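Chains, contacts and geometry: an overview
Letter by letter, the chains look like this.
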Amino acid sequence: MIDQKTVNKIKQSPLEERIQIIELILQTLKSDIKQKTKDRESNSKHFKVHKFKLGKEVHVDREELYSDRGI
C-alpha cells in the first residue's frame, strides 16, 4: 500500500515530475509483464502435430444425420 505522505508529495509535485513518475511505473509494469510472459512460456510444453490421411474425403448429409435425433 502506498503511504499517504507519498501520495500527497506526488500531488504537490510539478506536472513534469508526475509524468516522469508515471513513465517509470509504466516501464516497471512492462518489464514485469514481459517476465511473466517468459515464465509462462517456459512452463508450457510445445507439441508437434503429425498429419495423417484417412483416405478419401467423406461427405456427410447433416439433415440425414440429425433426422434421427428429432432436431
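Thresholds applied
Residues numbered from 1 in each chain as written. Predicted model: local features only at pLDDT ≥ 70, side-chain atom pairs only at ≥ 80, totals over all residues. Heavy atoms only, no water. Helix = DSSP H or I, 4+ residues; strand = E, 2+ residues; numbered from the N terminus. Rg over C-alpha atoms; globule rule 2.2 N^0.38 Å. Buried < 20%, exposed > 50% of the residue type's maximum accessible area, 1.4 Å probe, protein only. Areas by Shrake-Rupley, 256 points an atom, 1.4 Å probe, with all protein chains shown as cover. Lys, Arg positive; Asp, Glu negative; His and termini not counted. Charge placed at Lys NZ, Arg CZ, Asp CG, Glu CD. Patch = residues over 30% accessible without salt bridge, like charges linked within 9 Å, V, L, I, M, F, W, Y side chains within 5 Å. Salt bridge = Lys/Arg side-chain N within 4 Å of Asp/Glu carboxyl O.

So, about the overall build of the protein. Helix and strand counts for the protein stand at three helices and zero strands. Walking the protein from its N terminus toward its C terminus, one meets helices and strands in the order α-α-α. For 71 residues, the compact-globule formula gives about 11 Å, and the C-alpha radius of gyration of the protein, at 29 Å, lies well above that figure. Projected onto the principal axes, the alpha-carbon positions of the protein cover approximately 75 × 35 × 25 Å. The buried share of the protein, reckoned over its 71 residues, is 1%. A total accessible area of about 8,100 Å² is found for the protein, and carbon and sulfur atoms account for 56% of it. Side chains of the protein carry 16 positive and 12 negative charges; the gap between the two charge centres is 7 Å.

Turning to a nonpolar patch on the surface, a few remarks are in order. Together, I22, I25, L26, L29 and I33 give the surface a local cluster of nonpolar side chains, amounting to about 470 Å² of exposed area. Here L29 is to be found in helix α2 (residues 15–43).

Let us now look at a negative patch on the surface. On the surface, a cluster of negative charge is contributed by D61, E63, E64 and D68. By secondary structure assignment, the location of D61 is in the loop between α2 and α3 (62–67). Among the residues examined, D61 registers a relative accessible area of 43% and is labelled partly exposed.

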